[in-house]
Amino acid sequence: MPSHLRNTGGTDASGDLVTPSTAPVPSVVTSGPEPVRTITASTDVAQTNAPVASGATPGGLYAPLEGSGAVVPHTGTPTISLRNVTVIYPAQPNKPALDNVSLDIYPGEFVFVVGHSGSGKSTFLRLLTRELKATKGDVIVAGQNLTKMRNWKVPYLRRQIGTVFQDFKLLPDKTIYGNVAFALECIGKPRSVIETQVPEVLRLVGLAEKMDSFPDQLSGGEQQRVSVARAMVNRPPLLVCDEPTGNLDPAISLGIMKLLDRINQTGTTVVMATHDREMVDSMRRRVIALEAGEVVRDQERGGYGFYDAL
Ligand SMILES: Nc1ncnc2c1ncn2[C@@H]1O[C@H](COP(=O)(O)OP(=O)(O)O)[C@@H](O)[C@H]1O
Ligand SMILES: [Mg+2]
């Protein structure tokens, strides 16, 4: 069976997906007993069941399955390590966008990155996908030093990282199915895999019935769910989100947040930059606060903090 997001459940009378008895196994886990991860979907927001079985691979990129909001132990190999990282854009040579930042993010964590506009949140996220190279210091993602990584390896790195942005970045002339399928086509997945995985992930985000619509026929919240589906269709162990709820109403944002939370509960590490104070305060996850390119706070179960005039 295809290894990603395979949902063997049927639908019950209400049309909701029934829990599958077997669960998807992420493809990037390379050794040891494989954890069993279950993701099911409802017609609205994705639901995850309690883990069917646990036992993540030692040193694997996915985390052991935990309940929502559990503090992830900071042991083993971090998914992300920054060591004395400075980023200086040529246009602003005297004002580092990131200034000597060191931090570790562990498999399975859900981390909010908060701070004023211009504090360096997007710069930090762009380092993780090697959209940017550090001016100084080391950025290590999934065991690879991105500062030293050859350019030809970058596409392989990006296969392991899903990205979600504030402005969705959907292709307007492709259907919803086509947008999500495109992510798999680009990495050379066979059609049979695409035909299985795309409907499954669209079910996961509650948009199976919108498969043939075009982006401009969907609401903002629905479009963002498509971009989450696109980010997750290849089951990457790391999801990087840059203000994914920045364009959405609070109620709609909550749906996106729940979806990201469910994805995190399957063992995926989530790093999310946000301005959404209420969301951060209600989720009580790890918060890394940036100010003028420096980490000014790094707190387990943190809140947004007392910033004025954000
Ligand atoms: N491409 C760029 N060229 C020059 N300066 C930039 C560029 N992108 C961001 N900056 C600067 O880097 C700093 C951090 O920006 P950014 O990472 O976008 O912050 P945030 O996402 O927190 O709003 C800001 O001072 C911003 O003006
Ligand atoms: Mg930004």
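Only a predicted model underlies this, so the values are computations on that prediction, with no experimental measurement involved. (Residues numbered from 1 in each chain as written. Chains lettered and ligands numbered in written order. Predicted model: local features only at pLDDT ≥ 70, side-chain atom pairs only at ≥ 80, totals over all residues.)

**A closer look at the sheet that holds strand S6 (residues 161-165)**
We apply this condition: The pairing criterion for strands is at least two bridges between them, as found by DSSP. Runs of E in the DSSP output that reach at least two residues are strands. Runs of H or I that reach at least four are helices, and both are numbered from the N terminus. Between N-to-C directions, angles span 0 to 180 degrees; the directions come from axes that are lines fitted to C-alpha atoms, helices contributing only their stretch in contact. Residue pairs qualify as contacts under a 7 Å threshold applied to their C-beta atoms, which are placed from the backbone.
Spatially, six strands are ordered S6-S7-S8-S3-S9-S10 in an open sheet, and the strand pairing comes out mixed. Whereas interior strands pair on both sides, the edge strands pair on one side only; in this sheet they are S6 and strand S10 (294-299). Taking the axes of each pair of neighbouring strands and ignoring which way they run, one obtains an average angle of 15° across the sheet. Sheet analysis places strand S3 (residues 110-114) next to strand S8 (residues 269-273), joined by four bridges and oriented parallel. Of the residues in S8, the one forming a bridge with Val113 is Ala273. Where helix H6 (residues 250-265) meets the sheet, it contacts S3, strand S7 (238-242) and S8, and its direction lies at approximately 150° from that of S8.

**Some remarks on unusual backbone geometry**
Most peptide bonds are trans, and most residues other than glycine sit at a negative phi. The following threshold applies: Residues with at least 20 neighbouring C-beta atoms inside 10 Å of their own are called buried, those with 12 or fewer are called exposed, and the rest are partly exposed, where every C-beta is derived from the backbone.
The backbone phi angle of Asn84 is positive, close to 50°, even though this residue is not glycine. When you line up the elements, Asn84 lands in strand S1 (residues 80-87). What makes Asn84 exposed here is the crowd of 12 C-beta atoms within 10 Å. Of note, the phi angle at Arg235 is positive, near 50°, even though the residue is not glycine. Here Arg235 lies in the loop between helix H5 (220-232) and S7. When the 25 C-beta atoms within 10 Å are taken as the criterion, Arg235 is described as buried.

**Describing the pairing of S7**
Test applied: Whether a crossover is right-handed depends on one test, that the path from the first strand over the helix to the second runs clockwise when the strands point away from the viewer.
Across the five residues of S7, five count as buried, placing the element largely inside the fold. Of the two faces of S7, the one holding Leu238, Val240 and Asp242 and the one holding Leu239 and Cys241 are both buried throughout. Note: S6 against S7, five bridges, orientation parallel. Across the sheet, the residue bridging to Thr163 is Val240, located in S7. Sheet topology note: the S7/S8 ladder contains five bridges and is parallel. The residue of S8 that forms the bridge with Asp242 is Ala273. With H6 bridging S7 and the parallel S8, this β-α-β connection has right-handed handedness.

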